[in-house]
Amino acid sequence: MTSDLPHHERVIHLQFHAMEEADLLATCQMFNLGAPRGGAAAVAGGLVNRLWRLTTESGVFAVKEMNRDFGDAGYVAWHDRAFTLEQAAFAAGIPMPRPVPVAATGRCLGELPGDADRPITVRVHEWADGVKLENNIEYGADVAVAAASILARIHNLQTASDVTATESLRVFGDEHWRETAERADDIRADWAAQFSSLLPVLAELEAYLLAAHDDSTPLLLSHRDADMKNHMRTPGGALILVDWDGAGPVNPRHDFANHALVWAGVHRGDPNPAIASAYVDAFRAESSVTDAFRSTDLAELVSIRLGWFNFNVRRALGERARDDSDRDAGVQVIRRNVDQLPRFARSLSDWLSLLIDI
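Given the structure is predicted, the values throughout are model-derived calculations rather than measurements.

1. Looking at the pattern of salt bridges
Item 1. Applying the stated rule across the entire model yields 20 salt bridges.
Item 2. Between Glu 319 and Arg 314 there is a salt bridge, with the nearest N and O atoms lying 2.9 Å from each other.
Item 3. Taking the relative accessible area as the measure of exposure, Arg 314 reaches 22% and is therefore partly exposed.
Item 4. Several salt bridges share partner residues, and in doing so they unite Lys 64, Glu 86, Arg 123, Asp 243 and Asp 245 into one network.

Next comes the structure, spelled out in structure tokens:
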């Protein structure tokens, strides 16, 4: 079971350090997994966190060491909220791996001793065998329909959120982006000029998000990243949804529109109308979202893209980078978005029209 937080880029696979025996034993005890049978096997392919496959006397588990943002005071609270939805979805029979809570608290994240005041933060799922889908491949309408059905079932849980659109659709602001450009200049990053060239389009995209803040539609909790890379095909042929770390509050129409376009290939090029139509029809057939699309309904698509872009800029600057390949991967994302962010800005109205016409 592999993959992580929101992304739409190919990145370098990483070299993983070994899980220390003391950490392994402490994890087994913390999550009540039973005694380990051998060590933990590193699983390559994660984009943000580290992942191991662990066999114990109780079963096989996926242990994830979180690439925790210690500068984010809401990091743990976000995961607790996401875990609430994840557990409700599992209880409702949505196809997904079983989330394993910390035995003593029932919460999502466990902490092991780390360096100084920075604990090692881990979470656990029951292992799921299967083949991960890929974001750079167009899957047929039948797969998109199955994915739409899963998202509709999540929406049908109606897990309410008291977060406002201003909080859920983060706007970093012109000052943030200018200061970032100055940091890149100060360290003479070879991508600094490319980043600075994006300042006008970043302002344009964030103006779109600001307009979406005026939408008073009540928010609900959803997976938020139910794209191809976060689905697996089990040996029996079923589609299951993995990696719920990014789950959080969404405007239901925004979430719906985002995923319809993502499955139609919007991150590779112009979305495929036939696949978009299949996704929209399947979602509407099973969900309670019947409202017509509005002019700012691609805000979640934009917000996730900008959040991933900002995360990779931070990695390129050496923040939250596990190793040199993380930093290099961040630079690659910046360079790809020199073309991609302007494409988004000039295409939003066309993409929205595609959805409205279905």
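Text resumes after the structure shown.
2. Quick word on helix α8 (residues 252–263)
Item 1. Relative to the 16 Å expected for 12 residues at 1.5 Å per residue, α8 spans 17 Å between its end C-alpha atoms, a close match to the ideal helical length.
Item 2. Buried residues dominate α8, accounting for 12 of its 12 residues.
Item 3. Taken together, the buried positions of α8 are occupied by Pro 252, Arg 253, His 254, Asp 255, Phe 256, Ala 257, Asn 258, His 259, Ala 260, Leu 261, Val 262 and Trp 263.
Item 4. Sitting at the amino-terminal end of α8 is Asn 251, which places a side-chain oxygen 3.0 Å from the backbone nitrogen of Arg 253.
Item 5. Residue Gly 265 follows α8 closely and has a positive phi angle near 95°.

3. A word on the nonpolar core
Item 1. With 73 residues, the main nonpolar core has Trp 191, Leu 205, Tyr 279, Leu 298 and Phe 309 as its most contacted residues.
Item 2. Not counting the four nearest positions on each side in its chain, Trp 191 is found in contact with Ala 184, Val 313, Ala 316, Leu 317, Val 331, Ile 334 and Arg 335.
Item 3. Of all hydrophobic cores here, the second largest spans 15 residues; its members include Met 19, Met 30, Val 102 and Val 124.

4. Re the side chain of Glu 300
Item 1. Among the structural elements, Glu 300 can be located in helix α10 (residues 299–316).
Item 2. The contact partners of Glu 300, leaving out residues within four places of it in the chain, are Leu 169, Arg 224, Val 250, His 254, Asp 255 and Asn 258.

5. A closer look at the confidence of the model for the chain
Fine structural detail should not be taken from predicted coordinates in areas where pLDDT scores are low.
Item 1. Confidence in the prediction of the chain, expressed as mean pLDDT, is 92, and 94% of residues score 70 or more.
Item 2. Of the regions scoring below 50 in pLDDT, residues 1–16 engages in 85 contacts with residues more than four places distant in sequence or in other chains.

6. Here we look at the sheet that holds strand β7 (residues 131–132)
Within a sheet, neighbouring strands are paired by backbone hydrogen bonds and run either parallel or antiparallel to one another.
Item 1. In space, the 3 strands of this open sheet follow the order β7-β9-β10, with antiparallel pairing throughout. This sheet does not close on itself; its edge strands, each paired only once, are β7 and β10 (239–241).
Item 2. Helix α3 (residues 141–156) contacts β9 (231–233) and β10 of the sheet and is inclined by roughly 40° relative to β10.

Conventions and cut-offs
Residues numbered from 1 in each chain as written. Predicted model: local features only at pLDDT ≥ 70, side-chain atom pairs only at ≥ 80, totals over all residues. Heavy atoms only, no water. Salt bridge = Lys/Arg side-chain N within 4 Å of Asp/Glu carboxyl O. Buried < 20%, exposed > 50% of the residue type's maximum accessible area, 1.4 Å probe, protein only. Helix = DSSP H or I, 4+ residues; strand = E, 2+ residues; numbered from the N terminus. Expected span 1.5 Å × (residues − 1). Polar contact = N/O pair within 3.5 Å; in protein donor to acceptor, adjacent residues only side chain to side chain. Core = buried A, V, L, I, M, F, W, Y, C linked by side-chain atoms within 4.5 Å. Contact = heavy atoms within 4.5 Å. pLDDT = per-residue confidence, 0-100. Pairing = 2+ DSSP bridges. Axes fitted to C-alpha atoms, helices over the stretch in contact; angles between N-to-C directions.

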